[in-house]
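# Secondary and tertiary structure notes
As a plain string of letters, each chain reads:
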Amino acid sequence: TEECYLTEYALKAAKAGKHIHMEKPGSAYLADFEELINTVKEKGLVFHTGYMYRYNPFVMELMDKIKNGELGEIISVEAQMNCIHSKEQRKWLSKYKGGSLFFLGCHLIDLILRIKGTPENIIPLSRSTGLDGNSSEDFGMAVFEYKNGVSFAKVNSNEIGGFARRQLVVAGTKATIEL
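Parameters and conventions
- Per chain, residues are indexed from 1 in the order of the written sequence.
- For a predicted model such as this one, the threshold for reporting local features is a pLDDT of at least 70, and the threshold for listing and counting side-chain atom pairs is 80 or more; totals across whole chains, interfaces and linings nevertheless cover every residue.
- For side-chain calculations, the full set of non-hydrogen atoms in the structure is used, while hydrogens and water are omitted.
- The patches reported here contain residues having more than 30% relative accessible area and no salt bridge. Joining distances are 9 Å for like charges and 5 Å for nonpolar side chains (Val, Leu, Ile, Met, Phe, Trp, Tyr).
- Under the convention used here, a 1.4 Å probe and the Shrake-Rupley method define accessible areas, while residue burial counts only the protein chains that appear.
- Just to be clear on terms, a salt bridge is a Lys or Arg side-chain nitrogen sitting within 4 Å of an Asp or Glu carboxyl oxygen.
- What counts as a helix is a DSSP run of H or I of at least four residues, what counts as a strand is a run of E of at least two, and both are numbered from the N terminus.
- Only protein chains enter the accessibility calculation, which uses a 1.4 Å probe; a residue whose area is less than 20% of its type maximum is buried, one above 50% is exposed, and one in between is partly exposed.
- Here, axes are lines fitted to C-alpha atoms. For helices the fit covers the stretch in contact, and angles between N-to-C directions go from 0 to 180 degrees.
- Any angle that falls under 35 degrees is termed roughly parallel, while one over 145 is termed roughly antiparallel, one within 65 to 115 roughly perpendicular, and all others oblique.
- Two helices cross in a left-handed way if the nearer one is turned anticlockwise from the farther one by less than a right angle. They cross in a right-handed way if the turn is clockwise.
- Note on contacts: a residue pair is in contact if any heavy atoms of the two residues lie within 4.5 Å.
- Residues are sorted three ways: Asp, Glu, Lys and Arg are charged, Ala, Val, Leu, Ile, Met, Phe, Trp, Tyr, Cys and Pro are nonpolar, and all the rest, Gly among them, are polar.
- The length a helix should cover is 1.5 Å for every residue beyond the first.

Attention shifts here to a nonpolar patch on the surface. Residues Ile84, Ile160 and Phe163 make up a contiguous nonpolar surface patch of about 340 Å² in total accessible area. Position of Ile84 relative to the elements: it lies in the loop between strand E3 (74-80) and helix H4 (87-92). Among the residues examined, Ile84 registers a relative accessible area of 39% and is labelled partly exposed.

The following block contains the structure:
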């Protein structure tokens, strides 16, 4: 279903005692997502979130290398998922606070949080490019501040060739890996 209905429908399934696989992102509203998670826990149900890169073989290999200490202490994660969306798709993004960052950036944020954990501070930098008279936040970025460095997620819905420039760079004290 469309992102705006995900939590509503998942909550109905949870209340009916059904295990859930829910695509990203959890919800536009924290209180709704917390109600879903509390219901799942109370009923002892399985809850699985579908973020597209979690089971990518190269990402899984990277996570193993991080876990095994091959990269050393992780200093930064740089994650980009760019594309070229139609005028209509970019207008649709206005349904969501954060626009592109909410829609696609959640996949990148998932990776950053899995690798670096909870940041000390988050600086949101989502903006509208204004292209085609569009006012949605079709350019999204967030900087995650950590004690030992910064990481970022960036999404641009207007980048020619952007589908070919999806990138994850993890820099550690022993090695840097780029996917």
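What follows deals with the environment of Leu125. Along the chain, Leu125 turns up in the loop between strand E4 (121-124) and strand E5 (139-146). Between the C-alpha atom of Leu125 and that of Phe139, which follows or precedes it by 14 residues, the distance is 8.5 Å.

Take the packing of helix H3 (residues 57-67) against helix H6 (residues 105-116) next. Where H3 contacts H6, the two axes come as close as 11 Å, and the packing angle between them is 20°. Here H3 is positioned roughly parallel relative to H6, judged by the angle of their axes. The handedness of the crossing between H3 and H6 is right-handed. Taken together, the residues of H6 that come into contact with H3 (itself represented by Val59, Met63 and Ile66) are Leu111, Arg114 and Ile115. For the contact of H3 with H6, a count of residues per class yields 5 nonpolar, no polar and 1 charged.

Here H6 is 12 residues long and its end C-alpha atoms lie 16 Å apart, about the 16 Å a rise of 1.5 Å per residue gives. When you tally the buried positions in H6, you get 9 out of 12 residues, the bulk of the element. If you check which residues of H6 are buried, you get Gly105, Cys106, His107, Leu108, Asp110, Leu111, Ile112, Ile115 and Lys116. Two residues or fewer after H6 comes Gly117, characterised by a positive phi angle close to 85°.

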